[in-house]
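Residue strings, one per chain:
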Amino acid sequence: MAGRPRPGGERGPAGGRREAGPRWWPRDCCSGLGGLEYSEVDVTAMARVFSYVDVTDSGFIAAVLSIAFNPFFWNVVARWEHKTRALSRGFGSPRTACYCLGTVILLLNCVRSHCFTEAMKSQPKLEGLDSHWAYYSGLAIMAVGTLFVISSFLALGFTGTFLGDYFGILMEAKVTCFPFSILDNPMYWGSTAVYLGWSLMHASPAGLLLTAVVAISYTIAVLYEGPFTEEIYRQKQKGAKSN
């Protein structure tokens with residue numbers, strides 16, 4: 001979805017994505033973690049966050065389900081369309097079908113954001129984050145994330161963002177302009193940054209935990225989408241050479 005790379009960057013989800021040359025997918029989706037050694041991570045802070053979060057709360061569960069459902073939905077529907085062309089036939093053209101799916105994805109993202117916010121409101125704040133420095137830090141992170149999301153969308157266009165390659169709407173060249181020039185999958189990680197900033201602004205440990213769920217869901221989406229999208233463009237190259 002929003003957030004996946006095209007032969008020029010992301011897919012546009014979430015998430016966007018391709019490397020130079022014939023390889024369209026990032027070398028290492030976790031390279032931004034700088035080779036983090038998980039055995040050395042201090043889990044004390046995370047344990048403290050968990051002590052503030054009621055993971056059995058219905059609002060929290062709804063938020064987790066909405067976060068997990070979105071990338072699952074758009075990947076299943078897009079692969080089904082790529083295999084059957086059912087949406088393209090039903091809507092009369094691949095472009096119209098892609099616009100309709102993109103609209104549904106946007107609506108689902110609105111539902112996800114609503115559930116995320118309601119889950120934060122229903123859970124206690126973390127005293128150490130309920131301060132001006134945390135609020136303005138969150139605001140800055142949210143602004144950067146929004147910049148990544150909007151600039152990714154402008155670079156890719158609607159069909160480039162919302163799975164157009166699964167509909168046969170392929171980009172001609174790799175997107176190399178900002179933000180793809182500095183980050184793989186800027187749509188996905190920009191969205192994650194927005195949720196992180198929003199959580200800090202609300203001093204919400206529940207929000208921080210849900211942001212981790214967002215990051216995990218996008219990481220899985222990247223790993224799942226990458227080889228498939230790569231194959232779409234590999235077939236395109238083969239067809240061009242045979243002609």
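- The name given to the chain in an unreviewed UniProt entry is Phosphatidylethanolamine N-methyltransferase, with Pavo cristatus as the source organism.

1. Regarding the pattern of salt bridges
Step number 1: A complete count under the given rule lists two salt bridges for this structure.
Step number 2: Residues Arg85 and Glu81 are paired through a salt bridge, measuring 3.8 Å at the closest nitrogen-oxygen approach.
Step number 3: With a relative accessible area of 0%, Glu81 lands in the buried category.
Step number 4: A salt bridge links Lys121 to Glu118, with the shortest nitrogen-to-oxygen separation between them at 3.7 Å. Of this pair, Lys121 and Glu118 are both found in helix α4 (residues 94-121), three residues apart, which corresponds to roughly one turn of the helix.
Step number 5: Among the residues examined, Glu118 registers a relative accessible area of 35% and is labelled partly exposed.

2. Let's talk about the environment of Pro179
Step number 1: Within the secondary structure, Pro179 sits in the loop between α5 (132-161) and α6 (186-201).
Step number 2: Judged by its relative accessible area of 0%, Pro179 falls in the buried class.
Step number 3: As for Pro179 and Ile150, which are separated by 29 residues in sequence, their C-alpha atoms are 9.6 Å apart.
Step number 4: Filtering out sequence-adjacent residues up to four positions away, Pro179 remains in contact with Phe148, Ser151, Ser152 and Pro186.

3. Looking at the confidence of the model for the chain
Step number 1: Counting all residues, the mean pLDDT for the chain is 83, and 77% of those residues have values of 70 or more.
Step number 2: Confidence over residues 2-34 falls short of pLDDT 50; this stretch has 170 contacts with residues more than four positions distant or in other chains.

4. Description of the UniProt feature "transmembrane region" (unreviewed entry) in the chain
Step number 1: If you check UniProt for "transmembrane region" (unreviewed entry), the listed places come out as residues 59-77, 97-114, 134-156, 163-183 and 203-224 in our numbering.
Step number 2: The span residues 59-77 is 100% helix and 0% strand, and its two end C-alpha atoms sit 26 Å from each other.
Step number 3: Secondary structure content for residues 203-224 is 91% helix and 0% strand, while the C-alpha to C-alpha distance between its ends is 33 Å.

5. Side note on helix α2 (residues 58-84)
Step number 1: Helix length check: α2, at 27 residues, gives a terminal C-alpha distance of 37 Å against a target of 39 Å (1.5 Å per residue), a fit within 8%.
Step number 2: In the structure, α2 departs most strongly from a straight axis at Phe69, where the bend amounts to approximately 30° and where the proline Pro71 lies between one and four residues downstream.
Step number 3: Taken together, the buried positions of α2 are Phe60, Ala63, Ser66, Ile67, Asn70, Pro71, Trp74, Asn75, Val77, Ala78 and Glu81.
Step number 4: A distance of 3.0 Å separates the backbone nitrogen of Gly59 from a side-chain oxygen at the start of α2, and that oxygen is part of Asp57.
Step number 5: Where α2 ends, the next residue or the one after it, Arg85, has phi of about 60°, a positive value.

6. Some remarks on the packing of aromatic side chains
Each pair of aromatic rings is reported with the distance of its centres and the angle of its planes.
Step number 1: Scanning the model with the defined rule gives 10 aromatic pairs in all.
Step number 2: Both rings, one in Trp189 and one in Tyr218, keep their centres 6.4 Å apart while their planes meet at 85°; by these two values the pair is edge-to-face. Taken as a pair, Trp189 in helix α6 and Tyr218 in helix α7 (residues 205-242) lie far apart in primary sequence, 29 residues in all.
Step number 3: What makes Tyr218 buried here is its relative accessible area of 0%.
Step number 4: Put simply, the rings of Trp74, Tyr188, Trp189 and Tyr218 touch in pairs and so form one group of aromatic residues.
Step number 5: The residue whose ring lies beneath Arg79 is Tyr224, and the NZ or CZ to ring-centre distance is 4.1 Å.

Calculation notes
- Residues numbered from 1 in each chain as written.
- Predicted model: local features only at pLDDT ≥ 70, side-chain atom pairs only at ≥ 80, totals over all residues.
- Heavy atoms only, no water.
- Salt bridge = Lys/Arg side-chain N within 4 Å of Asp/Glu carboxyl O.
- Buried < 20%, exposed > 50% of the residue type's maximum accessible area, 1.4 Å probe, protein only.
- Helix = DSSP H or I, 4+ residues; strand = E, 2+ residues; numbered from the N terminus.
- Contact = heavy atoms within 4.5 Å.
- pLDDT = per-residue confidence, 0-100.
- UniProt positions renumbered as here; feature names shortened; annotations may be inferred.
- Expected span 1.5 Å × (residues − 1).
- Bend = angle between axes of the 7 residues up to and from the residue.
- Polar contact = N/O pair within 3.5 Å; in protein donor to acceptor, adjacent residues only side chain to side chain.
- Phe/Tyr/Trp six-rings, centres within 6.5 Å; stacked < 30°, edge-to-face > 60°.
- Lys NZ or Arg CZ within 6 Å of the ring centre and 35° of its normal.

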